[in-house]
Amino acid sequence: MISEEEKEELKIELAKLEDEISTLRQVLAAKEKHLVEIKQKLGISLMNELKQNFSKSWHDVQTTSAYKKTHETLSHAGQKATAAISNVGTAISKKFGDMSYSIRHSISMPAMRNSPTFKSFEEKVETTVTSLKTKVGGTSHPGGSFEEVLSSTAHASAQSSLAGTRLPESEEELQC
């Protein structure tokens, strides 16, 4: 236990510390105000300070080993993802090429349309078109359904490849 005399001394010391803290707060506030005035005179804004602090912090983060290792890992993963997407793109291009060949070199449209690849593609296109129409708020146009447009395109393509004739290039050739 503390004696009455020690309690009085501690109370006096406590009052002195509280008074010193109050004085230090007033001095600090005055110095902060002076700091702001100097920064204003020098044209240093809060935004410039934030930019500098952010740049320094970002630089500090980039120099850590954890950041470097994460960056390397993500970079490697990005390269693998790019390669995978490229492979998917190549496969899709090949499928489209096969379908294009089938349309140009085969008059048998029903046979091609019954293929699993085409059915899957047709369903996805129809779903996408329906979704877009719903989002845009459009209605069907007099151009016809997807099936009608596809059929007419295939028919026109087949006729042009079967005809194989050269179109006249001038009026003289037309008159002959």
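Residues numbered from 1 in each chain as written. Predicted model: local features only at pLDDT ≥ 70, side-chain atom pairs only at ≥ 80, totals over all residues. Heavy atoms only, no water.

### What about the overall build of the protein?
Link 1 in the chain: Helices and strands together make up the secondary structure of the protein, namely seven helices and zero strands.
Link 2 in the chain: Shown N-terminal to C-terminal, the secondary structure of the protein runs as helices and strands in the order α-α-α-α-α-α-α.
Link 3 in the chain: Buried positions account for 6% of the 176 residues belonging to the protein.
Link 4 in the chain: Considering only residue pairs separated by 6 or more positions, the protein has 36% of its internal contacts joining residues 24 or more positions apart.
Link 5 in the chain: Approximately 15300 Å² of the protein is accessible, and the part contributed by carbon and sulfur atoms is 61%. (Helix = DSSP H or I, 4+ residues; strand = E, 2+ residues; numbered from the N terminus. Buried < 20%, exposed > 50% of the residue type's maximum accessible area, 1.4 Å probe, protein only. Contact = heavy atoms within 4.5 Å. Areas by Shrake-Rupley, 256 points an atom, 1.4 Å probe, with all protein chains shown as cover.)

### Some thoughts on the pattern of salt bridges
Link 1 in the chain: Applying the stated criterion across every chain, the model contains two salt bridges.
Link 2 in the chain: Across the pair Lys39 and Glu49 runs a salt bridge, and its minimum N-O distance is 2.6 Å. One end of the pair, Lys39, is in helix α1 (residues 4-42); the other, Glu49, is in helix α2 (residues 46-62), with ten residues separating them in the sequence.
Link 3 in the chain: According to the relative accessible area criterion, Glu49 is partly exposed, its value standing at 25%.
Link 4 in the chain: In this structure, the salt-bridge partner of Lys56 is Asp60, at a minimum N-O distance of 3.2 Å. With a gap of four residues between them, Lys56 and Asp60 both fall in helix α2, about one helical turn apart. (Salt bridge = Lys/Arg side-chain N within 4 Å of Asp/Glu carboxyl O.)

### Comments concerning a negative patch on the surface
Link 1 in the chain: A surface patch of like charges, here negative, comprises Glu5, Glu6, Glu9 and Glu13.
Link 2 in the chain: Here Glu6 falls in the partly exposed class, since its relative accessible area comes to 42%. (Patch = residues over 30% accessible without salt bridge, like charges linked within 9 Å, V, L, I, M, F, W, Y side chains within 5 Å. Lys, Arg positive; Asp, Glu negative; His and termini not counted. Charge placed at Lys NZ, Arg CZ, Asp CG, Glu CD.)

### Section: the packing of aromatic side chains
Link 1 in the chain: Within the structure shown, the criterion is met by one aromatic pair.
Link 2 in the chain: Between Trp58 and Tyr67 the ring centres are 5.7 Å apart and the planes differ by 80°, which places this aromatic pair in the edge-to-face class.
Link 3 in the chain: Of the residues examined, Trp58 reaches a relative accessible area of 39% and is grouped as partly exposed.
Link 4 in the chain: Residue Tyr67 is classed as partly exposed on the basis of its relative accessible area, which comes to 25%. (Phe/Tyr/Trp six-rings, centres within 6.5 Å; stacked < 30°, edge-to-face > 60°.)

### Comments concerning the confidence of the model for the protein
Link 1 in the chain: Per-residue pLDDT for the protein averages 75, and the proportion of residues at 70 or more is 65%.
Link 2 in the chain: Within the protein, helix α7 (residues 171-175) has the poorest average pLDDT of any element, 51, and α1 the best, 94. (pLDDT = per-residue confidence, 0-100.)

### Here's the deal with α1
Link 1 in the chain: The end-to-end C-alpha separation of α1 is 57 Å, in line with the 57 Å expected for 39 residues at 1.5 Å each.
Link 2 in the chain: Downstream of α1 by a residue or two, Gly43 has a phi angle that is positive, lying close to 80°. (Expected span 1.5 Å × (residues − 1).)

### Quick word on a nonpolar patch on the surface
Link 1 in the chain: A contiguous nonpolar surface patch, about 270 Å² in accessible area, is contributed by Ile38, Leu42 and Ile44.
Link 2 in the chain: With respect to the helices, strands and loops of the structure, Leu42 is situated in helix α1.
Link 3 in the chain: For Leu42, a relative accessible area of 61% corresponds to the exposed category.

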